[in-house]
Structures are given as C-alpha cells and as structure tokens.
Amino acid sequence: MKTQQLTDFSRLCVHTITTKPLSIESAVNKYAALGIRGITVWRDALAEDGAAATGRLIRDAGLEIVSLCRGGFFPSVSKEKRAIAVADNLRALEEAADMEAPLVVLVCGADSGQSLETSRLQIRAGIENILPRAEKLGVKLAVEPLHPVYADTRSAISTMKQANDMANWFNSPSLGVAVDVYHVWWDEELPGEIARCGENGKIFAFHICDWKVPVNDILNDRGLMGEGCIDIRGIRGLVEGAGFEGFNEVEIFSEIYWKTDQDKFLDKITEAYLLHS
Ligand code: ZN
C-alpha cells in the first residue's frame, strides 16, 4: 500500500534544536506564522523564566507541545554518576509537568567502560527509578533507539527490538518508544518491530530527517528530508499502519543549516515536509 503524500501542516512538529540559533520566543513565533502546529522543546531552549512560562508562551501562540527532549543517559561505571543521572531525569519530569508537555524522550546512554549488556541493565534500573514519578505526574516516557554508531557513549539501545523489549519489560502505559528514521532506517527487522510496537500501543513519537550520503559528521550533519537515502514516507507508512496518529517531528542537527538564515531554512523544512515526508 502506498503511503499518501502529506498535504498540510496539521501534523508537522519542529524540534527547537533544528533551529538552534533561534530563541524560544523567536522559534515559537516563526513556527506559528508558518502554520507549523507542533513543537518539541529541547531543555536548553527553555525560557529563562522557566518551564511553566515556556509552556504558556507556546500555548498562547496556538502551538501544541509534543515532547520535552531529553532525559536518559543513565549508564555509568560510576554509581555516583548514575545517581546524578536519575536526579536529572526527575528534574526533566518536573519541567515537563510544569510546561504541560505530555512526553519526555529518553536518549538512554551508554558507557564504553563497560559492556552494552551492563549499560542496558543500568538503563532499566534508571527507568525503574523514574517511572513511578512519571506515572504520578501524567508524563509519558519514550525510549528512543539510536543508530549503533552511537553505542559507545549515547545509547546501548540500538534497535527497535531492544526498545520494544525494554518497554514491554515494564508493561506500563506510561513507557513507550520514539521512532527516529535516522536511527532505524537500516534495520531489516524494522517493519516487524514497528508493527509489534504499534500492537502494544507503544509508538509515542516519530522523528524525521535524512541520512546524507556521505555523512560528514555523524552527529551534526543530518539532512533535510529528501537530501539522503532514507525512505521516510515508507517508514511513515509503517508507523501509521501500526496505528500511530501523532506528529511528524522534524529533528535536524546540522552545523550547515544552523549557520544559514533560519527563515529560509524553515521555508525549506515546510517544502521538504510536503515533498519528501
Ligand atoms: Zn530523534
């Protein structure tokens, strides 16, 4: 079945990190003026007067808060650092609640000084420590699998299968998965694992961008939709086929685009969204 082309911006969300040079006020105003309906707020973009004020600013402009990015980074060889990570995640949950964000995305972390298996056990322990508070606050958590190239320091959870297994182990309606095309496009098990995630009602977020060929900087050279080799529309078809009805979130880290005029970049985003997402 062919996935239908997007024809409007009713499900378009942009991450503040995508337009990193803009202040939160400026980002909100520019997104709203273009008809972009959703915003995911990175914690470094929170307004100086706090999360609650940021939430009001966004709602007053008519935008919907899709999620707060990000929590996670649970594993460490140091017990003290693991405790610091839990405390920071609890703070992120309070910020999300204050701004009325429904979801905190987890980049789960890894420590190259220990095995991936140990890091995954520490991720599980970290989530165990914060999940009750998330449930109490009514804030959901989404485990985002990261491309295995990041398994050294950013995420010991590299595949949709591992993310699904983690979410299923807890079996909480407050814990699900964030599907980011940049991280999972290469995985032959993707269709089956997206279907499995959807069956359990656990697709909580969908992030889009593209994988440039070649990628010059694995972290900060993400492409605009259509600039690379990811079948973005095909993967959108999979998540929608699995029951996902949420936002398509444009998340682009790019040293190149951050240096360009952000108004022109936002025009390119809206155009690429309709043509290539
Ligand atoms: Zn993402």
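Placed above this text is the structure.
Given the structure is predicted, the values throughout are model-derived calculations rather than measurements.

K.L.:
Help me out: how do you make sense of the overall build of the chain in this one?
P.N.:
In terms of helices and strands, the chain carries 10 helices and eight strands. What you see for the chain is a C-alpha radius of gyration of 18 Å, in line with the 19 Å of a compact globule of 277 residues. With the C-alpha coordinates aligned to their principal axes, the bounding extent of the chain is approximately 45 × 45 × 35 Å. Within the chain, the proportion of its 277 residues that are buried is 54%.

K.L.:
Even after reading the chapter, I still don't get helix 5 (residues 160-170), so can you show me in this structure?
P.N.:
What sets the pattern is the α-helix's 3.6 residues per turn: residues three or four places apart point alike. Here helix 5 has its buried residues at Met-160, Ala-163, Asn-164, Met-166, Ala-167 and Phe-170. The buried residues of helix 5 all sit within an arc of 160 degrees when viewed along its axis, so they share a single face. Directly beyond the C-terminal end of helix 5, a positive phi value near 50 degrees is found at Asn-171.

K.L.:
What is the right way to look at the pattern of salt bridges in this model?
P.N.:
Any two side chains of opposite charge can pair if their charged atoms end up close together. For the structure on display, the rule yields 15 salt bridges. Residues Asp-88 and Arg-43 are paired through a salt bridge, measuring 3.1 Å at the closest nitrogen-oxygen approach. Highlighted residues: Asp-88 in helix 3 (residues 79-99) and Arg-43 in the loop between strand 2 (38-42) and helix 2 (51-60), separated in sequence by 45 residues. A residue is classified by how much of its surface remains accessible, and Asp-88, at 27% relative accessible area, is partly exposed. A salt bridge links Arg-91 to Asp-88; the nearest nitrogen and oxygen atoms lie 3.2 Å apart. Residue Arg-91 and its partner Asp-88 are both found in helix 3; the two are separated by three residues, about one turn of the helix.

K.L.:
How should I be thinking about the sheet that holds strand 6 (residues 175-180) in this particular structure?
P.N.:
One key point about sheets: their strands pair by backbone hydrogen bonds, in either a parallel or an antiparallel sense. If you trace the eight strands once around the closed barrel, you get 1-2-3-4-5-6-7-8, paired in parallel fashion. Ignoring which end each strand starts from, the neighbouring axes of this sheet average 30 degrees apart. Judged from the five bridges that link them, strand 2 and strand 3 (residues 64-72) form a sheet pairing that is parallel. Pairing of Val-41 across the sheet is with Leu-68, part of strand 3. Against the sheet, helix 3 contacts strand 2, strand 3, strand 4 (103-107) and strand 5 (140-143), and its axis sits at roughly 175 degrees relative to strand 3. Sitting on the sheet, helix 10 (residues 262-276) touches strand 1 (12-15), strand 7 (203-208) and strand 8 (248-250), and the angle it makes with strand 1 is about 135 degrees.

K.L.:
What am I meant to see in the coordination of the zinc ion here?
P.N.:
Around a metal, the ideal angle is 109.5 degrees if four donors adopt a tetrahedral arrangement and 90 or 180 degrees if six donors adopt an octahedral arrangement. Distances from the zinc ion to its protein donors, namely Glu-144 (OE), Asp-180 (OD), His-207 (ND1) and Glu-251 (OE), fall within the range 2.0 to 2.2 Å. Metal-centred angles of 82 to 155 degrees between the four donor atoms at the zinc ion mark the site as irregular.

K.L.:
So what exactly am I meant to see when it comes to unusual backbone geometry here?
P.N.:
Among all residues except glycine, the phi angle is most often negative; among peptide bonds, the trans geometry is most common. Between Cys-69 and Arg-70 the backbone carries a cis peptide bond, its omega angle lying at 0 degrees. Note that Arg-70 resides in strand 3. Following Val-213, the chain continues into Pro-214 via a peptide bond in cis, with omega recorded as 0 degrees. Mapped onto the elements of the fold, Pro-214 is located in the loop between strand 7 and helix 8 (232-241). With a phi close to 65 degrees, Glu-100 is a non-glycine residue in the positive phi region.

Calculation notes
- Residues numbered from 1 in each chain as written.
- Predicted model: local features only at pLDDT ≥ 70, side-chain atom pairs only at ≥ 80, totals over all residues.
- Heavy atoms only, no water.
- Helix = DSSP H or I, 4+ residues; strand = E, 2+ residues; numbered from the N terminus.
- Rg over C-alpha atoms; globule rule 2.2 N^0.38 Å.
- Buried < 20%, exposed > 50% of the residue type's maximum accessible area, 1.4 Å probe, protein only.
- Arc of directions from axis to C-beta.
- Salt bridge = Lys/Arg side-chain N within 4 Å of Asp/Glu carboxyl O.
- Pairing = 2+ DSSP bridges.
- Axes fitted to C-alpha atoms, helices over the stretch in contact; angles between N-to-C directions.
- Contact = heavy atoms within 4.5 Å.
- Donors = N, O, S within 2.8 Å, 3.2 Å for Na, K, Ca; no water.
- Tetrahedral: all angles 85-135°; square planar, octahedral: opposite > 155°, others 65-115°.

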